[in-house]
Amino acid sequence: MKRRTREYNYDWMLNTVVNAGYNMFNGTPKEIQGLNKLVPSMRDLLNTFLRSGEMGRIFLGILVDYFDKIINAHKRGDKIAMGTFMCSHLLFDAFDGLQPMWAEPITGLGGFIFRHGNYEYFDYACEKGFTETSCSGQRGVIGAVMADLMSAAKPDICVLGASGPCDSNCNSMQFYAGYARIPLIAVDTPSVLVDDRVEAYEARDVENMIEQVEKYTGARLNEDRLREMLEEKKKQNALLNEIMDLMRLVPCPVPIMGITYIYSANIFAKGSTLTTALIEEVLRVSLENAKEGRAGTYSGKE
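Residues numbered from 1 in each chain as written. Predicted model: local features only at pLDDT ≥ 70, side-chain atom pairs only at ≥ 80, totals over all residues. Heavy atoms only, no water.

**Q** So what's going on with the overall build of the protein chain? Which residues, and what values?
**A** Helix and strand counts for the protein chain come out as 13 helices and six strands. The globule rule puts the C-alpha radius of gyration for 302 residues at 19 Å, and the 20 Å found for the protein chain is close to it. With the C-alpha coordinates of the protein chain rotated into their principal frame, the extents come out at 55 × 55 × 35 Å. Counting only residues that meet the buried cut, the protein chain has 47% of its 302 residues in that class. (Helix = DSSP H or I, 4+ residues; strand = E, 2+ residues; numbered from the N terminus. Rg over C-alpha atoms; globule rule 2.2 N^0.38 Å. Buried < 20%, exposed > 50% of the residue type's maximum accessible area, 1.4 Å probe, protein only.)

Structural data, given as structure tokens:
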């Protein structure tokens, strides 16, 4: 790994960029122009969020909140659980004393933001023994963690909520847990997914996972918070159904970046009021576009 890559922590760099983008919405046109001159390699990215309007501001606010929780987790006395997007972030958000850190959204954001990409973090993980044929979705964060380049420090446990569409969803957490000698907590995946016996088995397996997380971290599941977040998720699902109905119109009035923001937030912030605000804003813009016969593109044409 190049020396310049080791100068700054992976999550600190991401946090710095999303904070700059979020604060940009409070700037004057002259201040925004000045910022663009200072960060030429980030200009197009920041302007993408800016052109998205309130949707971009809310999404950046979700990212700011997420990185603050991750980077300061150990300072607050919370444990960190690293996992993949095949595990319910909402469930782990409901624990007191535990902060989930999913690999794919953070790695994806690194690829989206960093001019140098994630390649050196990928390579570092492979140099330490991770297979080079694995999915890159987990290797960015794992490489940064193994290189001691995370302000959040190292995770305390690894979790697997389900097997993913590719084997490296599971293999990545198995590899890192073995490398770091930390607990790996997983649920089983039966070969049959839809009969009554399987549903009862899976429910008990998730209960066992909760018990193991509590045992190895000292965290406790807050059922009241879980109930509140599930109710918020129901509200989000109803809003998403309205957006999906609008997608049937020609031209499609739903903003493309809005869907990108929702998809991303749904991985690591579902059930939060910030995500609800984001979906409501995307729906509002979509309804306005539909009323005026506009497409959801910047040009308004399809």
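**Q** Talk me through the packing of aromatic side chains; I want residue IDs and the actual numbers.
**A** In the structure shown here, the tally under the stated rule is 15 aromatic pairs. Consider the rings of F59 and Y261, whose centres lie 4.7 Å apart with planes at 15°: the pair is stacked. Taken as a pair, F59 in helix α4 (residues 54-71) and Y261 in helix α12 (residues 256-268) lie far apart in primary sequence, 202 residues in all. You can call F59 buried: its relative accessible area is 5%. (Phe/Tyr/Trp six-rings, centres within 6.5 Å; stacked < 30°, edge-to-face > 60°.)

**Q** Give a description of the pattern of salt bridges that names residues and reports values.
**A** As a working rule, side chains carrying opposite charge can pair if their charged atoms are close by. Throughout the structure, instances matching the rule amount to 12 salt bridges. D224 is paired through a salt bridge with R227; the nearest N and O atoms lie 3.1 Å apart. In this pair, D224 and R227 both sit in helix α11 (residues 223-246), three residues apart, roughly one turn of the helix. Taking the shortest distance from any N to any O, the salt bridge between E288 and R284 comes out at 2.7 Å. Note that E288 and R284 are positioned in helix α13 (residues 273-292) at a spacing of four residues, about one turn of the helix. (Salt bridge = Lys/Arg side-chain N within 4 Å of Asp/Glu carboxyl O.)

**Q** So what about the nonpolar core? Which residues, and what values?
**A** Membership of the largest hydrophobic core comes to 88 residues, with the highest contact counts inside it found for F92 and L278. Here this core takes 11 residues from α4, the largest share from any one element. Once residues lying within four places of it in the same chain are set aside, the contact partners of F92 are C87, L98, P100, W102, V159, M209 and V213. (Core = buried A, V, L, I, M, F, W, Y, C linked by side-chain atoms within 4.5 Å. Contact = heavy atoms within 4.5 Å.)

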